[in-house]
Amino acid sequence: MVILERRSRKGPVLTPSSLPCLKGVPAVNITEGCAHGCTYCYTQGYSAYPGAGRVILFENTPDLVCAELTRKRRRPRRVYFSPSSDAFQPMPEVQDVTFRTMEILLEAGVEVAFLTKGRPDERFLTLFCRRPSLVFAQIGITTLNEDLWRKFEGGAAPPARRLEIIDNLTRGGVMTKVRFDPLIPDLTDTETNLASLLVELEHRKIRDVAASYLFLRPAFARRLALQMRQAVGKADLTRDWTWRRLADGVGGGYMIGPEERDRRFDRLQKLAAQYGIDVHVCACKNPDLTVRTNCRIAGPLQDSLSDEAMPLFQRATRCY
Ligand code: SF4
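Since the model is a prediction, treat every value here as computed from it, not as a measurement.

Colleague: Can you explain empty space enclosed by the protein? Please cite residues and give values.
Modeller: With the rule as written, the count across this model stands at 3 cavities of 30 Å³ or more. Computed from the structure, the largest cavity encloses a volume of approximately 60 Å³. For the largest cavity, the full set of lining residues is Tyr40, Thr142, Thr143, Leu148, Trp149, Phe152, Glu153, Pro182, Ile184 and Thr188. Counting residues per element, the lining of the largest cavity draws most heavily on helix α4 (residues 146-153), which supplies 4 residues. Residue composition of the lining of the largest cavity, grouped by class: 6 nonpolar, 3 polar and 1 charged. Quantified by volume, the second largest cavity comes out at close to 40 Å³. Along the walls of the second largest cavity sit Phe114, Phe136, Ala137, Gln138, Met175, Thr176, Lys177, Arg296, Ile297, Ala298 and Gly299, which together make up its complete lining.

This is how it looks when you write it as structure tokens:
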């Protein structure tokens, strides 16, 4: 059971992120904590993490966003949801606040990008399909295996439901990509696991995947290592992992070394290419790799966008 606590947020909401893959795009968390409760969630190591089974909802987010849009002389072109939580957690109160916030942004001509492992309710599809060129979706999924899903991210949407969400979004004209994150070495990055997923993505005409590997924060390293050992039924998969510093703002964690990661990304890129899919490596979590790309977590790079949003962007003078 998840306990929901309502709070009013203080301070500005639309402040640009410093993370390399977000490149100055404002990033909004509707909550602190996440009802999906993925066992590997790196936010468990954050000082603001409210603890397992507890979610703090910032219910005044839509009002603050509305006020900031009205006040700002230069509005952001795009806003990203959510760096440290999921905007589509299975709680109506959370989805209501997400809906109102996204609706205000879209009505003002501001693009909305999101990454989710959740289940956006029906009204989101209607909202996104009204302005598909302003929406950039990324669906996080690393396996079709229900057993692995239950063990590591059982509070999030089941794999089949996530594929359905991809179907609905792409059918509605929303640019939709997929994120393999976190890949767990020898568990979800195996050829068997990934090939079955890539077949489904190819079938849905997904052409871009972003990828990154699991890293362990000290706060949950031991528990997750044990869970992984139980899941594969063999020796500790993490015994050779070393502490790596990640990009500024992401901190650090125990993970496989750079050569090993490079080799595995290379293998993934070759495998995905057989299905016509490009793999982008997350720069925030792989600053130690010589060949890095931007994983485009918040949609395509801004200078490659159409200018369809701009007239709306300039015209909008108030929130609804
Ligand atoms: S969905 Fe994302 S934010 Fe939520 S628990 Fe899982 S990894 Fe963490």
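Colleague: Kindly report on the pattern of salt bridges, identifying the contributing residues and their values.
Modeller: Applying the stated rule across the entire model yields 26 salt bridges. Of the charged contacts in the structure, one is a salt bridge between Lys177 and Asp208, with a shortest N-O distance of 3.7 Å. In this pair, Lys177 is assigned in strand β8 (residues 175-183) and Asp208 in strand β9 (residues 208-213), connecting sequence segments 31 residues apart. Residue classification places Lys177 among the buried residues on the basis of a relative accessible area of 13%. In this structure, Arg204 and Glu200 form a salt bridge, with 2.7 Å as the shortest nitrogen-oxygen distance. Arg204 gets classed as buried once you look at its relative accessible area, which sits at 15%. The structure contains a network of salt bridges with shared partners spanning Asp186, Asp189, Glu260, Arg263, Arg264 and Arg267.

Colleague: Lay out the layout of surface pockets in plain terms, naming residues and giving numbers.
Modeller: Volume-wise, the second largest pocket comes out at about 220 Å³. Lining of the second largest pocket is provided by 14 residues; of these, Asp186, Leu237, Asp240, Trp241 and Ile256 occupy positions nearest its centre. Looking at side-chain class alone, the lining of the second largest pocket contains 5 nonpolar, 2 polar and 7 charged residues.

Reading guide: rules and limits
Residues numbered from 1 in each chain as written. Predicted model: local features only at pLDDT ≥ 70, side-chain atom pairs only at ≥ 80, totals over all residues. Heavy atoms only, no water. 1 Å grid on protein atoms, 1.4 Å probe; cavity = no way out; pocket = protein on both sides within 12 Å on 5 of 7 lines; lining within 4 Å. Points joined across faces, edges and corners; volume = space filled by probe spheres on them. Helix = DSSP H or I, 4+ residues; strand = E, 2+ residues; numbered from the N terminus. Nonpolar A, V, L, I, M, F, W, Y, C, P; charged D, E, K, R; others polar. Salt bridge = Lys/Arg side-chain N within 4 Å of Asp/Glu carboxyl O. Buried < 20%, exposed > 50% of the residue type's maximum accessible area, 1.4 Å probe, protein only.

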